[in-house]
Amino acid sequence: PTGSAVPYPRAQNVTWISTNFKTLLTWEPKPSDDYSYTVEFSVAGRDQQRNFHCIRSNVTVCDLSVYLRPLNSCYTADVLSEPPLGTTSDDTEFPHTTSPRFCPYQDTEIGRPDFNLSVNEDKKTITLFVTDPPTALFEDDRQLSIRDIFSDELQYKVMYRKKKSTGTKTYLSKSSVIEMTDLDKGESYCFNVQAYIPIRSADKQLGELSATKCSNNDEQSIFKVYSPAVFAGGILFILLVMGLLIPVTVILWKKKRKALKSGTEGRPLRDV
């Protein structure tokens with residue numbers, strides 16, 4: 001019988017999911033005990049390849065991260081519906097579904113970066129130290145970062161605002177160590193960072209936005225920190241304390257003076 005006669009359902013919704021070059025091919029539906037899936041992939045015009053873990057499998061995901069080299073090539077994959085593992089068939093062709101084209105260098109999503117910040121002594125410069133997100137790829141037993149792969153093409157977009165403001169500004173940096181200069185002295189600022197790769201298509205240029213981190217650089221006067229009501233309460237408290245201390249001090253002074261006077265009157269006069 002030909003492949004068209006095989007009653008195995010074709011895979012549906014064949015999709016690439018990729019973040020930081022961790023690249024998965026996914027599809028539906030989950031197979032029954034009567035059939036399995038095999039994944040074949042290739043660069044356009046080249047021979048098909050297979051991942052050993054994705055041959056006659058009963059799962060609906062295949063990790064192709066380490067197979068898609070070179071990264072700047074584009075790939076397609078076929079998901080074949082085949083007999084279950086351990087069974088044989090006289091068929092040479094099986095139903096298959098072809099994936100969309102996927103180009104790792106251009107299409108993988110870039111995850112959120114992490115960063116630390118340091119307020120310089122002049123209180124007008126804040127330095128951000130960005131950790132380049134790690135990828136799923138290794139070279140010579142070393143895990144590669146997105147900086148290792150994109151090199152000078154990688155930039156970082158910084159969004160920042162005063163801590164007590166909603167007005168946001170942006171800044172682009174080609175470095176992972178970013179000096180934010182000419183900030184208002186004594187003001188705290190909040191920052192978000194995301195990878196920016198301008199050579200990509202517009203919808204793939206920006207990575208995931210980082211968590212927000214803020215400096216603690218306030219040098220506000222005491223009059224800005226505390227409200228007038230707090231000041232009034234503080235002054236009233238001081239006056240009450242003084243109102244109690246003064247009478248007590250006067251009473252103690254009078255007692256001491258009286259004791260000294262009594263002691264003097266009770267002593268006999270010295271002989272001359």
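By the naming in an unreviewed UniProt entry, the protein chain is Tissue factor, taken from Fundulus heteroclitus. UniProt lists a comment for the protein chain under the heading Subcellular location (unreviewed entry), and it reads "Membrane". Reading the Sequence similarities (unreviewed entry) entry of the UniProt record for the protein chain gives the comment "Belongs to the tissue factor family."

### A short note on the pairing of strand β3 (residues 36-43)
When you tally the buried positions in β3, you get eight out of eight residues, the bulk of the element. Alternating residues of β3 divide into S36, T38, E40 and S42 and Y37, V39, F41 and V43, and every residue in both groups is buried. For β3 and strand β6 (residues 75-82), the ladder comprises eight bridges, and the chain directions are antiparallel. Residue T38 lies in a different strand from β6, and its bridge partner there is L80. Hairpin connection of β3 to strand β4 (residues 49-50): five residues between the antiparallel strands, including G45 at a positive phi of 85°.

### Some words on the sheet that holds strand β14 (residues 177-180)
Strands in a sheet are paired, the pairing made by backbone hydrogen bonds, and the direction either parallel or antiparallel. Pairing is antiparallel in the open sheet, where three strands are placed in the order β8-β9-β14. Taken across any chain shown, the strands that pair with only one partner, and hence form the sheet edges, are β8 (114-119) and β14. When strand polarity is set aside, the average angle formed by the axes of neighbouring strands in this sheet is 20°. In terms of strand pairing, β8 meets strand β9 (residues 126-131) through six bridges, oriented antiparallel. Residue pairing in the sheet places S118 in a bridge with T127 of β9.

### Comments concerning the sheet that holds β4
The antiparallel open sheet is built from four strands, whose spatial order is β4-β3-β6-β7. Single-partner strands in this sheet number two, and they are β4 and β7 (96-98).

### Observations regarding the state of the cysteines
In total, this model carries three disulfides according to the counting rule given. A sulfur-sulfur separation of 2.1 Å characterises the disulfide bridge that pairs C54 with C62. Between C54 and C62 the sulfur-sulfur dihedral comes to about 100°; the bridge is accordingly right-handed. Classification of C54 as buried rests on a relative accessible area of 5%. With a relative accessible area of 1%, C62 lands in the buried category.

Reading the values: the criteria
Sequence order sets the numbering: in each chain, residues are counted from 1 along the sequence as written. With the structure being a predicted model, the display of local features is reserved for residues of pLDDT at least 70 and the display and counting of side-chain atom pairs for 80 or more, all residues being used for whole-chain, interface and lining totals. Processing note: side-chain calculations cover all non-hydrogen atoms of the structure and skip hydrogens and water entirely. UniProt positions are given in the numbering used here, feature names are shortened, and annotations may be inferred rather than shown by experiment. Only protein chains enter the accessibility calculation, which uses a 1.4 Å probe. A residue is then buried if its area is under 20% of the maximum for its type, exposed if over 50%, and partly exposed in between. Only DSSP runs of H or I with at least four residues qualify as helices, and only runs of E with at least two residues qualify as strands; both kinds are numbered from the N terminus onward. Strands qualify as paired when DSSP identifies two bridges or more between them. Under this scheme, a helix contributes an axis fitted over its contacting stretch, all axes are lines through C-alpha atoms, and angles between N-to-C directions fall in the 0 to 180 degree range. In this description, the term disulfide denotes a pair of cysteine sulfurs within 2.5 Å.

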